[in-house]
Every structure is written in structure tokens, then in C-alpha cells.
Amino acid sequence: MDPIQLFDPASSTYTYVLVDEDSRQALIIDPVDEQLERDLQVLRERGLTLAWTVETHAHADHITSAARLAEHSGARTAAPEGCQIGTASEQLTHGQVLNFGAQQLRCLHTPGHTAGSMSFVWACGPTRHVFTGDTLLINGCGRTDFQSGSPEALYHSLTQVLFALPDDTLVWPGHDYQGRSHSRIGDEKRSNVRVAGKSLAEFVATMRQLNLPRPRRIDEAVPANLSSGLRHDAGGDVLAMVQPAEGYAGDVSPQLAWDWVQSGQAVLVDVRTDAERAWVGFVPGAEALAWKQWPGMGPNPDFDAGVQALGAGGRKLLMLCRSGVRSVAAAQRATVLGLQAYNILEGFEGDPDAQAQRGKQGGWRFHGLPWRQN
């Protein structure tokens with residue numbers, strides 16, 4: 001079977017969902033932050049359980065939704081070791097294999113566009129697929145003039161790694177700007193305008209003469225992508241302010257949330273799973289109302305009734321989750337139901353640090369606010 005190919009028109013980015021038909025486990029490659037709801041809907045509609053989010057590299061033209069997808073679905077995050085995305089739980093190396101159901105994704109280190117770039121091979125039945133990110137495009141290739149790019153390394157990745165795959169291997173690129181969906185290795189070996197028939201010296205000269213404009217979002221995208229797409233802005237004066245948000249009343253810092261709870265202005269609603277509260281800790285006095293529940297992180301059918309009861313009489317609701325992702329979805333749903341709901345930035349544990357450990361750089365516990373553990 002072919003992958004599910006999804007497209008982000010703003011960045012011309014392709015996202016891929018790979019499925020193991022028997023187990024209904026799935027893996028997603030290069031998800032886009034602005035397309036989070038679309039991707040979650042695809043998973044729901046097809047009855048899929050997301051096992052992995054995978055990055056081909058640290059993107060400069062869009063922000064990944066990897067961390068947010070993991071928060072919503074319970075998936076693990078994976079990224080190339082050479083990209084230094086320290087928040088990814090699995091640091092991928094050349095030849096490593098990721099399993100989802102009975103399927104396997106094999107990692108190929110293909111540097112050049114960036115020093116850590118990877119491509120991924122999926123053999124599904126008689127068909128072999130390769131997901132090339134920005135390394136190999138249809139009749140083109142990625143640029144090499146930033147993020148430790150190297151035309152020499154890219155030439156080797158193209159000619160010695162990717163073009164070593166069988167000619168009938170289907171090529172699924174990270175972008176296309178002309179509406180094309182895929183190609184084949186044999187076609188790219190014969191006719192790719194950037195590399196076919198060129199010597200190393202000719203290829204290097206071509207790449208150094210491109211003079212492409214600087215990516216518009218690079219200063220925003222790369223730092224966020226080095227943290228799996230996590231972005232939080234609370235700090236300084238904004239700790240005591242409500243920050244505007246789309247689809248709900250606003251974002252508040254953990255400190256402001258606790259002030260509201262102490263003064264009786266709002267109800268604290270812990271939307272984490274029962275298991276998370278039991279294992280990691282809880283806030284005394286908080287109302288427990290899971291947005292999703294184990295097993296499978298399925299939606300809680302009792303959420304609507306529960307949140308309406310908590311918000312009766314016009315009470316403000318403060319949504320708390322692990323790191324401030326599910327709480328956004330919960331706040332949006334409560335708003336649709338006519339309630340005044342806020343998201344608590346950073347959540348209970350905060351974002352993972354460079355060693356993928358939580359609780360060390362933000363979150364309710366980190367700020368010394370009241371909590372207990374069973």
C-alpha cells in the first residue's frame with residue numbers, strides 16, 4: 001500500500017502517514033504545526049494509533065507538530081541524531097529500524113541539505129518507498145547554503161546512498177511546488193536536472209550559484225524545531241497577564257492560575273489521564289476531568305457533561321495538562337460549550353529538556369506551586 005500523503009499549502013510541505021493494516025498502528029513523517037487538527041482527524045477517522053512521529057531534519061520553513069502530536073496521542077518522537085533535536089525521545093542513527101506493528105522504517109543518513117538530514121525506507125509488500133525530506137526532490141534537491149549544509153555531502157547522499165536503491169523505489173519528497181506527488185529512483189537517476197550526469201565539481205558549482213532567498217520563517221522555525229516544535233512565551237511581565245489565544249479565553253502562567261485558584265476566581269481542571277495523576281503527581285483541590293484516557297488515549301465521553309457542571313454559574317475554568325497541549329484542546333471545547341476557559345502554559349511537568357526529561361525547565365512543579373504524589 002502507499003502512504004497517506006498530506007499537504008501544507010503555506011510551506012508546500014508533504015506529511016506522510018504510514019499504516020500497518022493489521023495492528024492499525026501508524027507512523028507520521030514531517031508533521032506541520034498548523035495542520036495538527038487535520039492530522040489528528042486522519043488518525044481518528046481511520047482508527048489509527050500513532051506509534052511514532054519522525055523528522056527528516058530540523059526544518060527552516062515550517063514548525064513541526066511532533067511534540068503536540070505526541071502529547072495528544074501518546075506517540076514517541078524520533079529525529080536524526082545529527083540534527084541535535086534533544087527533545088526527541090529516540091535519536092536516530094544510520095541503519096536503525098523503527099517498528100510500528102509488523103512494519104519497519106529503515107533510517108538512512110543522507111547529509112547535505114543539513115548535516116543531520118535523514119531519509120527513510122519503507123518496504124511494504126512488494127513495493128519499496130523512500131521518504132527523502134529535503135535531500136532529494138522531484139527533479140531537484142534541497143539547498144545547501146545554511147544549517148551546516150554541504151554540496152559535497154549532498155552529492156554523495158544522492159549518488160551513493162539514494163541512487164543505490166532499486167530503480168523502482170518510489171520517491172516521496174518533503175516538498176513539491178508544482179503539484180507532483182512522487183517519483184522513482186530510476187527517473188531521478190536519469191533526469192534530475194540538478195544531479196543526473198553531473199560530476200561532483202559540476203554539482204558543487206551548480207549549488208553554489210543558486211543564490212536562493214533566505215527562508216522567511218528560519219529564525220522562528222529552527223529554534224522551535226530543535227525542541228520538537230514546542231513554543232511557550234510566558235516570562236517577565238506576562239506572568240501576571242492573560243495572553244490572547246484563538247478559540248478560548250486565553251493563556252495564563254502557572255503562577256497567575258494559582259493566584260486565581262487561591263482567590264476563588266477560578267476552578268482548576270486537571271485534564272490529564274488518571275494514570276498520569278497517579279504516577280506523576282497532582283494538585284490538591286484540582287478537579288480531575290480527563291480530556292483523553294488510557295488505553296489508547298481515546299476521547300473521554302464524559303468530558304462535555306463534566307466540564308459543563310464545573311463551569312456552571314459562569315465560573316472560570318483553568319485547564320492543566322502535562323505540558324500545555326491537551327489543555328488547549330480542552331479549553332477550546334469548553335469554549336464551544338459556552339464556558340469561559342483558559343489554558344495554563346507549560347502544564348504540570350513543562351517541556352522536555354535536551355535529555356528528554358521533564359520537570360526541569362518549566363511547569364507547575366518547577367515553579368514550586370502546591371502538588372502532591374500518591
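Throughout what follows, the structure given in this document is the object of discussion.

About the cut-offs
- Residues numbered from 1 in each chain as written.
- Predicted model: local features only at pLDDT ≥ 70, side-chain atom pairs only at ≥ 80, totals over all residues.
- Heavy atoms only, no water.
- Helix = DSSP H or I, 4+ residues; strand = E, 2+ residues; numbered from the N terminus.
- Rg over C-alpha atoms; globule rule 2.2 N^0.38 Å.
- Buried < 20%, exposed > 50% of the residue type's maximum accessible area, 1.4 Å probe, protein only.
- Contact = heavy atoms within 4.5 Å.
- Areas by Shrake-Rupley, 256 points an atom, 1.4 Å probe, with all protein chains shown as cover.
- Lys, Arg positive; Asp, Glu negative; His and termini not counted.
- Charge placed at Lys NZ, Arg CZ, Asp CG, Glu CD.
- Axes fitted to C-alpha atoms, helices over the stretch in contact; angles between N-to-C directions.
- Parallel < 35°, antiparallel > 145°, perpendicular 65-115°, else oblique.
- Left-handed = near helix turned anticlockwise from the far one by under 90°.
- Nonpolar A, V, L, I, M, F, W, Y, C, P; charged D, E, K, R; others polar.
- Core = buried A, V, L, I, M, F, W, Y, C linked by side-chain atoms within 4.5 Å.
- Pairing = 2+ DSSP bridges.
- Polar contact = N/O pair within 3.5 Å; in protein donor to acceptor, adjacent residues only side chain to side chain.
- Phe/Tyr/Trp six-rings, centres within 6.5 Å; stacked < 30°, edge-to-face > 60°.
- Salt bridge = Lys/Arg side-chain N within 4 Å of Asp/Glu carboxyl O.

Describing the overall build of the chain
Step number 1: Broken down by element type, the chain carries 10 helices and 21 strands.
Step number 2: Over its C-alpha trace the chain gives a radius of gyration of 22 Å, about what one expects of a compact globule, namely 21 Å for 374 residues.
Step number 3: Its C-alpha atoms give the chain principal-axis dimensions of about 70 × 45 × 35 Å.
Step number 4: Buried residues in the chain amount to 56% of all 374 residues.
Step number 5: Put simply, 60% of the contacts in the chain that link residues at least 6 apart link residues at least 24 apart.
Step number 6: Here the chain has roughly 15,700 Å² of accessible surface; of this, 49% comes from carbon and sulfur atoms.
Step number 7: Across the chain, the mean location of the 32 positive side-chain charges is 1 Å away from that of the 42 negative side-chain charges.

Remarks on the packing of helix α3 (residues 151-162) against helix α5 (residues 200-208)
Each packed pair of helices is defined by two parameters, the angle between the axes and the distance between the axes.
Step number 1: The interhelical angle for the contact between α3 and α5, taken along N-to-C directions, is 125°, at an axis separation of 9 Å. Between α3 and α5, the angle is such that the two are oblique. As α3 runs across α5, the sense of the crossing is right-handed. Touching P151, E152, L154, Y155 and L158 of α3 are L200, F203, V204, M207 and R208, all from α5.
Step number 2: Broken down by class, the residue content of the contact of α3 with α5 amounts to eight nonpolar, no polar and two charged.

Comments concerning the nonpolar core
Step number 1: By size, the foremost hydrophobic cluster in this structure holds 21 residues, and its most contacted members are L18, L27, V54 and L105.
Step number 2: Listed by contribution, the elements that provide at least two residues to this core are β2 (13-19), β3 (25-29), β4 (49-54), β7 (97-100), β8 (103-109), β9 (118-124) and β13 (170-173).
Step number 3: Other than its neighbours up to four places away in sequence, L105 contacts L18, L27, I29, Q96, V97, L98, F100, F120, V121, W122 and F131.

With respect to the sheet that holds β9
Step number 1: Pairing is mixed in the open sheet, where six strands are placed in the order β7-β8-β9-β10-β13-β14. Edge positions in the sheet fall to β7 and β14 (183-184), since each of these pairs with one other strand and no more.
Step number 2: As defined by bridge partners, β9 adjoins strand β10 (residues 127-133) across five bridges and the pair is classed as antiparallel. In the strand pairing of β10, A123 is matched with R128.

Observations regarding the environment of D39
Step number 1: Within the secondary structure, D39 is located in helix α1 (residues 36-46).
Step number 2: Considered as a pair, D39 and Q5 are 34 residues apart in the sequence and their alpha carbons are 11 Å apart.
Step number 3: Once you skip the residues sitting within four places of it in the chain, D39 turns out to touch L6, T15, I28, P31, V32 and L69.
Step number 4: There is a polar contact of 2.8 Å between the side chain of D39 and the side chain of R38.

Let's talk about the side chain of T77
Step number 1: In this structure, T77 sits in strand β5 (residues 76-80).
Step number 2: Look at T77 and you get buried, because its relative accessible area is 9%.
Step number 3: Beyond its immediate stretch of four places on either side in the chain, T77 contacts W52, T53, A66, A70, T87, A88, S89 and E90.

Focus: the packing of aromatic side chains
Step number 1: Applying the stated criterion across every chain yields a total of 10 aromatic pairs.
Step number 2: A centroid spacing of 5.9 Å and a plane angle of 70° characterise the contact between Y16 and W172, whose relative ring orientation is edge-to-face. Linking Y16 in strand β2 with W172 in strand β13, this pair joins segments that are 156 residues apart in sequence. Grouping residues by exposure puts Y16 and W172 together as buried.
Step number 3: Judged by centre distance (6.0 Å) and plane angle (85°), the rings of F348 and W371 are edge-to-face. One end of the pair, F348, is in the segment after β21 (341-344); the other, W371, is in the segment after β21, and 23 residues separate them in sequence.

Things to note about the sheet that holds strand β16 (residues 266-270)
Step number 1: With parallel pairing, the five strands of this open sheet are ordered in space as β15-β21-β20-β16-β17. Each edge of the sheet is formed by a strand with only one pairing partner; in this case those strands are β15 (250-252) and β17 (287-288).
Step number 2: Here five bridges tie β16 to strand β20 (residues 316-320), and the two strands are oriented parallel to one another. Bridge pairing links A266 to K316 in β20.
Step number 3: Running at roughly 135° to β20, helix α9 (residues 303-310) makes contact with β16, β17 and β20 of the sheet.

Observations regarding the pattern of salt bridges
Step number 1: In the structure shown here, the tally under the stated rule is 17 salt bridges.
Step number 2: Taken together, the salt bridges that share partners define one network made up of E34, R217 and E220.

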